[in-house]
Amino acid sequence: MVRFMTELRRHFSPSFGRRPYVSHATIVGDLVFVCGMGPNDLDADVEIQTEQTIMNIKTILEEVGSSLSKVAKVVVYLKDVSDYERMNNVYSKYFTDNPPARTCVQSTSPLHYLGQRVEMDVIAVIDRGSREKEVKHI
């Protein structure tokens, strides 16, 4: 019997600073699991918060050798489901031709009380070429 050992790596983004008890991303094989990310401006409307959230996710994906085009699954958490259409108008600009699987739910988070209207987490594929380069540099 052949066993394949899959290394589990944690990624702490220099762009966002270290968070207690949370990795910004966990890499398993060729998959990256990005933690729930939100916007930078909690006072902004849902469109701006959605844009900022996607850009924050994009930053983390690129740091680990992936991209928005490699996203397989997105979970969107909205403070208020009535924001769905406005969030979706921004979201659909980033995920156009081959959109990933997606779940969207209304939820409650401690940050919602501070003004956060949207949060997303994603699963994406890491580009093999990027991983091979990364391994060569280690």
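Everything here concerns the structure above.
Residues numbered from 1 in each chain as written. Predicted model: local features only at pLDDT ≥ 70, side-chain atom pairs only at ≥ 80, totals over all residues. Heavy atoms only, no water.

## Examining the environment of V71
Thought 1: You can see V71 is positioned in strand β4 (residues 71-78).
Thought 2: Take V71: its relative accessible area is 7%, and that puts it in the buried class.
Thought 3: Along the sequence, V71 and A101 sit 30 residues apart, while their C-alpha atoms lie 8.7 Å from each other.
Thought 4: Non-local contacts of V71, meaning those with residues more than four positions away in its chain, are made with L61, F95, P100, V122, I123 and A124. (Helix = DSSP H or I, 4+ residues; strand = E, 2+ residues; numbered from the N terminus. Buried < 20%, exposed > 50% of the residue type's maximum accessible area, 1.4 Å probe, protein only. Contact = heavy atoms within 4.5 Å.)

## Section: the packing of aromatic side chains
Thought 1: Enumeration according to the criterion identifies 1 aromatic pair in this entry.
Thought 2: Over the ring of Y91 we find R102; its NZ or CZ atom is 4.3 Å from the centre of that ring. (Phe/Tyr/Trp six-rings, centres within 6.5 Å; stacked < 30°, edge-to-face > 60°. Lys NZ or Arg CZ within 6 Å of the ring centre and 35° of its normal.)

## Observations concerning the sheet that holds strand β1 (residues 8-11)
Thought 1: Pairing within the open sheet is mixed, and its 6 strands lie in the order β1-β2-β3-β6-β4-β5. Each end of this open sheet is capped by a strand with a single partner; those strands are β1 and β5 (101-106). Going across the sheet, the axis of each strand differs from the next one's by a mean of 15°, ignoring polarity.
Thought 2: As judged from the 4 bridges shared by strand β2 (residues 25-28) and strand β3 (residues 31-37), these two strands associate in the antiparallel manner. Within β3, the position partnered with V28 by the bridge is L31.
Thought 3: Against the sheet, helix α1 (residues 46-63) touches β1, β2, β3, β4 and β6 (118-125), its axis set at about 30° to β6. (Pairing = 2+ DSSP bridges. Axes fitted to C-alpha atoms, helices over the stretch in contact; angles between N-to-C directions.)

## Observations concerning a nonpolar patch on the surface
Thought 1: Residues L31, F33 and V125 make up a contiguous nonpolar surface patch of roughly 210 Å² in combined accessible area.
Thought 2: For L31, the location among the structural elements is in strand β3.
Thought 3: Overall, L31 belongs to the partly exposed group, its relative accessible area being 35%. (Patch = residues over 30% accessible without salt bridge, like charges linked within 9 Å, V, L, I, M, F, W, Y side chains within 5 Å. Areas by Shrake-Rupley, 256 points an atom, 1.4 Å probe, with all protein chains shown as cover. Salt bridge = Lys/Arg side-chain N within 4 Å of Asp/Glu carboxyl O.)

## Overview of the environment of D121
Thought 1: Looking at where D121 falls in the secondary structure, it is placed in strand β6.
Thought 2: Each C-alpha atom of the pair D121 and F33 lies 7.7 Å from the other, and the pair is 88 residues apart in sequence.
Thought 3: Ignoring anything within four residues of it in the chain, the contact list for D121 reads V34, C35, G36, K73, V74, V75 and Y77.
Thought 4: Among the polar contacts made by the side chain of D121, one reaches the side chain of Y77 at a distance of 2.8 Å. (Polar contact = N/O pair within 3.5 Å; in protein donor to acceptor, adjacent residues only side chain to side chain.)

## Digging into the layout of surface pockets
A probe as big as a water molecule, rolled over the atoms, marks out the empty space that is left.
Thought 1: Considered as a void within the structure, the largest pocket measures approximately 240 Å³ in volume.
Thought 2: In this structure, the largest pocket is lined by 13 residues; those nearest its centre are R19, G38, P39, L111 and Q116.
Thought 3: The residue makeup of the lining of the largest pocket, split by class, is 5 nonpolar, 6 polar and 2 charged. (1 Å grid on protein atoms, 1.4 Å probe; cavity = no way out; pocket = protein on both sides within 12 Å on 5 of 7 lines; lining within 4 Å. Points joined across faces, edges and corners; volume = space filled by probe spheres on them. Nonpolar A, V, L, I, M, F, W, Y, C, P; charged D, E, K, R; others polar.)

## Quick notes on the pairing of β4
Thought 1: Summarising the sheet, β4 and β6 pair through 7 bridges and their orientation is antiparallel. Residue pairing for β6: V71 is matched across the bridge by A124.
Thought 2: Bridge analysis of β4 against β5 gives 6 bridges, and the strand direction is parallel. Across the sheet, V74 pairs through a bridge with R102, a residue of β5.
Thought 3: Read from β4 through helix α2 (residues 84-94) to β5, the crossover connection turns out right-handed. (Right-handed = clockwise from strand over helix to strand, strands pointing away.)

These values are about where atoms sit, not about what they do.
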